[in-house]
Amino acid sequence: SEEEEDNYSEVVQGEIKSEKMTQTGTDSEEEDDSEIEKFVHINDDREIQTGTESEESDSDVEQVEKKTVKVKQRGMESEDDEDSEVEQGKDDEESERTIESDESTMKTKTLWEQGQTELVVSVIKSQDQCVTLRHSECMTLRPEELICGEVIEAYMRATLNQYDPAHRIWQIDHYTNGVILGGSREQMSRHLMRNVNLDTFDAAVSFVNVNNNHWRFVYLHVPSRSLFVMDPAAAEQDLHLSTTAVQCYNRYFRMRQNLYGKQVWGSLKWKATTIPHTVQQDTTSCGVFVMQMAKEAIQSFPAIPSFNMKNSPRDMCRLREEMAAELLSTSEKDYCSMCGLKEVPRDKDIEAVVIDWTQCDSCGRWFHDMCLTATQMVHVPKELAQWQCTLCDNQ
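Residues numbered from 1 in each chain as written. Predicted model: local features only at pLDDT ≥ 70, side-chain atom pairs only at ≥ 80, totals over all residues. Heavy atoms only, no water.

Novice: Account for the overall build of the protein, naming residues and giving values.
Specialist: Along the backbone of the protein there are 11 helices and nine strands. When the accessible surface of the protein is split by element, carbon and sulfur atoms take 47% of a total near 24700 Å². (Helix = DSSP H or I, 4+ residues; strand = E, 2+ residues; numbered from the N terminus. Areas by Shrake-Rupley, 256 points an atom, 1.4 Å probe, with all protein chains shown as cover.)

Laid out in structure tokens, this is it:
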């Protein structure tokens, strides 16, 4: 019986231990479940927090994008404003040119209606010296008048000032060009233009008088080694005239080369070339053709120009008026209408001199008192007296 009790006691203790182990396992499982639940909650909280942060980040991105769009919109608006200002500026410049052109047109008609005088009406700026245009010369731009050489010279100079700022085109005055094409070797030697460096130019424009009643256009184009002589009245003669001109200019360039050293233009092999063009329909529009040819050649450079001028009498009248208005509008503003200069000539030893001016009360032109007195044509007016120049007196 004692053994049975001992066995019973051991069994009971074993069951108690088994229950404790079972309870311990259960507690352990509960603790594990609790820890798992905590872990899940923590991860859920983190995911929620991460999601919130992601939403906040997305919100920040949206705000940045909105700000970027606003900045771009502002930039576009500022660019639009700038473009609008540029367009407005262009419109203002165009309107100013239109106003100046209208004023010049009115001045042109007024000058053409006045009696002929020798007063200076336009001064065109040049590299060497200004080109002056007098009233009597400007009058030759009227319809059916033969345009004088001084007008053509001034118009070429004004066109070069506008379209050739780099000074790549050389303007040969028509007196020198006449000597080159028709003068003797002795005459040519007196017009070699020693101070002109031909190597700095890529072209040359000029014109020549024929029999004192006709003008021809002359154009030297260095890139193509071409020389053009164009007759506004007879296009079929252009090739012959150009061939003769090549011989004359080669002789002229050789003389310059022998006297002043190597010149690029003297070593070029010039060729006679022609350009198709319309011809004049009257006997007085050759000057208009020459001026328009020179303008198209200067505008087209370095390309070879094309001459497709309208040649009806109405077109010739319109071009004459436009050219006269252009010569007036591109003129310098400050000059004496008697001598064409701003400063009076003086000795080199004199550093400064006081210049007295007198203004016409009708047209507003200014005159050096010295010039008015020297001409003995007009007396210097007394102070506070009304005075008119000879141009206004001839109305």
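Novice: Tell me about the sheet that holds strand E7 (residues 271-272), and please be specific about residues and values.
Specialist: The five strands lie next to each other as E3-E4-E5-E6-E7, forming an open sheet whose pairing is mixed. Of all the strands in the sheet, the pair left with one neighbour each is strand E3 (169-171) and E7. Where strand E5 (residues 214-221) lies against strand E6 (residues 226-230), five bridges are found, and the strand directions are antiparallel. Paired with Val218 across the bridge in E6 is Val229. Docked against the sheet, helix H3 (residues 149-163) engages E3, strand E4 (203-210) and E5, running at close to 170 degrees with respect to E4. (Pairing = 2+ DSSP bridges. Contact = heavy atoms within 4.5 Å. Axes fitted to C-alpha atoms, helices over the stretch in contact; angles between N-to-C directions.)

Novice: Got a sec to walk through unusual backbone geometry? Specific residues and values, please.
Specialist: Cis rather than trans, the peptide bond between Phe301 and Pro302 has omega equal to 10 degrees. With respect to the element layout, Pro302 can be found in the loop between helix H8 (286-300) and helix H9 (313-329).

Novice: So, H9: which residues are in play, and what are the values?
Specialist: With 17 residues, H9 should cover 24 Å at 1.5 Å per step; its first-to-last C-alpha distance of 25 Å lies within 8% of that length. Within the span of H9, buried status applies to Asp315, Met316, Leu319, Arg320, Met323, Ala324, Ala325, Glu326, Leu327 and Leu328. (Expected span 1.5 Å × (residues − 1). Buried < 20%, exposed > 50% of the residue type's maximum accessible area, 1.4 Å probe, protein only.)

Novice: Quick one: what's the story with the pattern of salt bridges, residue by residue and with numbers?
Specialist: Inspection of the entire model under this criterion finds seven salt bridges. Here Asp202 ties to Arg168 by a salt bridge, and the two come within 3.0 Å at their closest N and O atoms. With Asp202 in the loop between helix H5 (185-189) and E4 and Arg168 in the loop between H3 and E3, this residue pair connects regions lying 34 residues apart in the sequence. A relative accessible area of 33% places Arg168 in the partly exposed class. Through salt bridges with shared partners, a single ionic network connects Asp315, Arg318 and Glu322. (Salt bridge = Lys/Arg side-chain N within 4 Å of Asp/Glu carboxyl O.)

Novice: So, the packing of aromatic side chains: which residues are in play, and what are the values?
Specialist: Going through the model one piece at a time under the given rule, you end up with 12 aromatic pairs. A centroid spacing of 5.9 Å and a plane angle of 65 degrees characterise the contact between Trp170 and Trp265, whose relative ring orientation is edge-to-face. With Trp170 in strand E3 and Trp265 in helix H7 (residues 264-267), this pair connects stretches of sequence that are 95 residues apart. Using a relative accessible area of 1% as the deciding quantity, one classes Trp265 as buried. Between the aromatic rings of Tyr219 and Phe228, the centroid separation amounts to 5.8 Å while the plane-to-plane angle is 20 degrees, which identifies the pairing as stacked. Overall, the relative accessible area of 2% leaves Phe228 in the buried class. (Phe/Tyr/Trp six-rings, centres within 6.5 Å; stacked < 30°, edge-to-face > 60°.)

Novice: Can you break down the packing of H3 against H8 residue by residue, with the values?
Specialist: Running from N to C, H3 and H8 point in directions that differ by 15 degrees, and their axes come no closer than 10 Å. Regarding the angle of H3 to H8, the classification is roughly parallel. Judged by the twist between their axes, the crossing of H3 over H8 is right-handed. Judged by residue contacts, Val151, Ile152, Tyr155, Met156, Thr159, Leu160 and Tyr163 of H3 engage Gly287, Val290, Met291, Ala294, Lys295, Ile298 and Gln299 from H8. Residues belonging to the contact of H3 with H8 are distributed by class as follows: 10 nonpolar, three polar and one charged. (Parallel < 35°, antiparallel > 145°, perpendicular 65-115°, else oblique. Left-handed = near helix turned anticlockwise from the far one by under 90°. Nonpolar A, V, L, I, M, F, W, Y, C, P; charged D, E, K, R; others polar.)

Novice: Give a detailed account of the side chain of Ser242, specifying residues and quantitative values.
Specialist: Along the chain, Ser242 turns up in helix H6 (residues 238-260). According to the relative accessible area criterion, Ser242 is buried, its value standing at 0%. Once you skip the residues sitting within four places of it in the chain, Ser242 turns out to touch Leu227, Phe228, Val229, Ala272 and Thr273.

Novice: An account of the pairing of E6 is requested, with residue identities and associated values reported.
Specialist: Of all five residues in E6, five are buried, a share of seventy percent or more. Judged by which residues are buried, E6 turns out to be covered on both faces: Ser226, Phe228 and Met230 on one side and Leu227 and Val229 on the other are all buried. Taking the residues between adjacent antiparallel strands as the criterion, E5 and E6 are bridged by four residues, where Arg225 takes a positive phi near 60 degrees. As paired strands, E6 and E7 are joined by two bridges and run parallel to one another. From the neighbouring strand, Leu227 faces E7, where its bridge partner is Ala272.

Novice: Provide a residue-level description of the packing of H8 against H9, including the pertinent values.
Specialist: Taken N-terminus to C-terminus, the directions of H8 and H9 make an angle of 60 degrees; their axes are 11 Å apart at the nearest point. By crossing handedness, the relation of H8 to H9 is classed as left-handed. Contacts between H8 and H9 involve Val288, Phe289, Met291, Gln292 and Lys295 on the former and, on the latter, Met316, Leu319, Arg320, Met323 and Glu326.

Novice: Break down the environment of Asn161 for me, citing the residues and quoting the values.
Specialist: One can find Asn161 in helix H3. Residue classification places Asn161 among the partly exposed residues on the basis of a relative accessible area of 36%. Sequence spacing of Asn161 and Thr330 is 169 residues, and the spatial spacing of their C-alpha atoms is 9.2 Å. Apart from the residues within four sequence positions on either side, Asn161 is in contact with Ile124 and Lys125.

Read these as geometric descriptors, not functional statements.
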